[in-house]
Amino acid sequence: MDSHEERLERARRLVRAIEARDERAEREAADAIARQQAAFVHDDLRRIAAELRDALCNVYVIGELARLARRELPDAQLRLHQVIGLTEEAAHRTLAAVEASLPLADGMVSAVKGFLETQLRAASDEERRGLSELLERIGSDAAALKARLSEVMLAQSFQDLTGQIIRRVADLVAELDGILGRAGMAGPASARCGTEARRAHPSAGDGPPLPGGADVVAGQQDVDALLAELGV
Amino acid sequence: MSVNKAMKVLVVDDFSTMRRIIKNLLRELGFTNTVEADDGASALPILKSGGIDLLITDWNMPGMPGIELLNAVRRDEKLKDLPVLMVTAEAKREQIVQAAQAGINGYIVKPFTAQTLQAKIEKIFERVAAGQR
């Protein structure tokens, strides 16, 4: 906006032109004042337009939030629990196969060993060496096979870790759903999922740490060193 | 190393896959006498009814967490000397210190190996045999 002096000067010019009965000067002075008024109105319009745009944005955002609260959040919770359920099922299937394989391997190995040992007793010195070598190889291969099956079994333990992480995210979604519900954008999430945001026990723990988390041990060796320091 | 293979082990974890894996590992190590619970609250009555020789527990469980279960065991006159092995994803140094102060006998961070489980169980019973916790 122009200064007080500038506005006063424009008014004085208009008064002087009227007093001097100078119509051209009067029109020019009046035009200058009108231009100033138009600039004021323009500024106001621009401000109102900006406010209107912000208000419309908010209406849109609130509408989107309400839609998320009603439809997407309950689904998100169901999907997260579905992931836990499906990975659990996959892990159990693998475990069942490993559990069935271990005695099969044992049975096969002891049958072959038994056969070879019988053969060994009746074998000539020449055959004996080959049979002994085979017997030894069967033994070490069987141990290696059992170790691999044990690895397969232990790898299923990652389902527990991913499950713990996903459960934390599901809890976050449930909490968000609760907050939106209190804000009047209630979604039927809790009713549909049958799970409310789990009120964490104060000593419930945090689940698997994020990579590079602060004050976190790097592995079992770190744990052992720390426990040794503490006399455990 | 002479750990009594007939001893009864209670495995506490909210994930059924993890309970099944630990039970399988124990069976491979020769321990076939196992029972299960899915959190501290369901484990405690089993412990109190007697006969458990080793408690293997997770930390992070809905309901009663493992650290609370450990505290409850140490407070109980009949259970206070029970060997307790924590098998958990909780990896903060302060948590391990907290468990040590609460009287844990061993602490394994997930993911772990069969060798680690065997070594920790043996170490616990070596110490029990030597008369120290």
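Computed from a predicted model, the values in this text were never measured in an experiment.

A.B. asks: Looking at this structure, I do not really get the sheet that holds strand E4 (residues 84-88) of chain B. What am I missing?
C.D. replies: Two pairing modes exist for strands in a sheet, parallel and antiparallel, and in both the strands are linked by backbone hydrogen bonds. Residue and element names in this part refer to chain B. Strand order across the open sheet formed by five strands is E2-E1-E3-E4-E5, with parallel pairing between neighbours. With partners counted over all chains shown, the strands left at the sheet margins are strand E2 (34-37) and strand E5 (106-109), one partner each. Averaged over all pairs of adjacent strands, the angle between their axes in this sheet comes to 20°, without regard to strand direction. Of the strand pairs in this sheet, E4 and E5 are connected by four bridges, and their pairing is parallel. The residue of E5 that forms the bridge with Leu85 is Gly106. Together, strand E1 (9-12), E2 and strand E3 (54-57) form the strand contacts of helix H2 (residues 40-48), whose direction differs from that of E1 by roughly 170°.

A.B. asks: It is not clear to me how the packing of H2 of chain B against helix H3 (residues 66-75) of chain B should be interpreted in this structure. Could you clarify?
C.D. replies: A pair of packed helices is captured by two measures, namely the crossing angle of their axes and the spacing between those axes. Residues and elements named next belong to chain B. Close contact between H2 and H3 brings their axes to 9 Å; oriented N to C, the two are set at 25°. In terms of their interaxial angle, H2 and H3 are classed as roughly parallel. Judged by the twist between their axes, the crossing of H2 over H3 is right-handed. Contacts from Gly40, Ala43, Leu44 and Leu47 in H2 reach Gly66, Glu68, Leu69, Ala72 and Val73 in H3. Among the residues forming the contact of H2 with H3, the class breakdown is six nonpolar, two polar and one charged.

A.B. asks: I would appreciate a short explanation of the pairing of E3 of chain B in the present structure.
C.D. replies: In the case of a regular strand, side chains alternate between the two sheet surfaces. All names here are of chain B. Side chains of E3 alternate between two faces, with Leu54 and Ile56 and Leu55 and Thr57 buried alike. Pairing of E1 with E3, which is carried by four bridges, proceeds in the parallel orientation. Counterpart to Val12 in the pairing with E3 is Thr57. Two strands pair when backbone bridges link them, and E3 and E4 are joined in this way by three bridges, in the parallel orientation. Counted as the bridge partner of Leu55 is Val84 from E4.

A.B. asks: Help me understand the environment of Asp2 of chain A in this model?
C.D. replies: All names here are of chain A. Positionally, Asp2 belongs in the segment before helix H1 (4-19). Classification of Asp2 as exposed rests on a count of 11 C-beta atoms within 10 Å. Here the alpha-carbon distance between Asp2 and Arg137, two residues 135 residues apart in the chain, equals 100 Å. The contact partners of Asp2, leaving out residues within four places of it in the chain, are Arg7 and Gln36.

A.B. asks: Quick question: what am I supposed to make of the interface of chain B and chain A here?
C.D. replies: Accessible area lost upon the coming together of the parts is a frequently used measure of interface size. Between chain B and chain A, the residue contacts involve 33 residues of the former and 35 residues of the latter. Elements represented by at least two residues in the side of chain B that touches chain A include exactly helix H1 (16-28), H3, helix H4 (93-101), E5 and helix H5 (114-129) of chain B. Tallying contributions element by element places H1 of chain B first for the side of chain B that touches chain A, with seven residues. The residue inventory of the side of chain B that touches chain A, partitioned by class, reads 19 nonpolar, six polar and eight charged.

A.B. asks: Got a minute to help me understand the nonpolar core in this structure?
C.D. replies: Soluble globular proteins: nonpolar side chains tend toward being buried together. In this structure, Leu10, Leu55, Ile56, Leu85 and Met86 of chain B are the most contacted members of the largest nonpolar core, which totals 47 residues. Per-element accounting of this core gives the leading share, five residues, to H1 of chain B. Setting aside anything within four residues of it in sequence, one finds Leu10 of chain B in contact with Val35, Ala37, Ala43, Ile46, Leu47, Ile52 and Leu55 of chain B. Ala69, Ala76, Leu80 and Ala174 of chain A belong to the second largest nonpolar core, which has seven residues in total.

A.B. asks: What exactly am I supposed to notice about the pairing of E1 of chain B here?
C.D. replies: Residues and elements named next belong to chain B. Every second residue of E1 is oriented toward a common face, with Val9 and Val11 on one face and Leu10 and Val12 on the other, all of them buried. As paired strands, E1 and E2 are joined by four bridges and run parallel to one another. Following the sheet pairing, Val11 is matched in E2 by Glu36. Note on the crossover from E1 through H1 to E2: the handedness is right-handed.

A.B. asks: Can you walk me through the packing of helix H6 (residues 220-229) of chain A against H4 of chain B in this structure?
C.D. replies: Between H6 of chain A and H4 of chain B, whose axes approach to 10 Å, the crossing angle comes to 45°. Our classification of the angle between H6 of chain A and H4 of chain B gives oblique. H6 of chain A and H4 of chain B meet at a crossing whose hand is right-handed. In this structure, H6 of chain A uses Val223, Leu226 and Leu227 of chain A to contact H4 of chain B, whose residues at the interface are Arg93, Ile96 and Ala100 of chain B. Classifying every residue of the contact of H6 of chain A with H4 of chain B gives five nonpolar, no polar and one charged.

Conventions adopted
Residues numbered from 1 in each chain as written. Chains lettered and ligands numbered in written order. Predicted model: local features only at pLDDT ≥ 70, side-chain atom pairs only at ≥ 80, totals over all residues. Pairing = 2+ DSSP bridges. Helix = DSSP H or I, 4+ residues; strand = E, 2+ residues; numbered from the N terminus. Axes fitted to C-alpha atoms, helices over the stretch in contact; angles between N-to-C directions. Contact = placed C-beta atoms within 7 Å. Parallel < 35°, antiparallel > 145°, perpendicular 65-115°, else oblique. Left-handed = near helix turned anticlockwise from the far one by under 90°. Nonpolar A, V, L, I, M, F, W, Y, C, P; charged D, E, K, R; others polar. Buried ≥ 20, exposed ≤ 12 C-beta atoms within 10 Å, placed from the backbone. Core = buried A, V, L, I, M, F, W, Y, C linked by C-beta atoms within 7 Å. Right-handed = clockwise from strand over helix to strand, strands pointing away.

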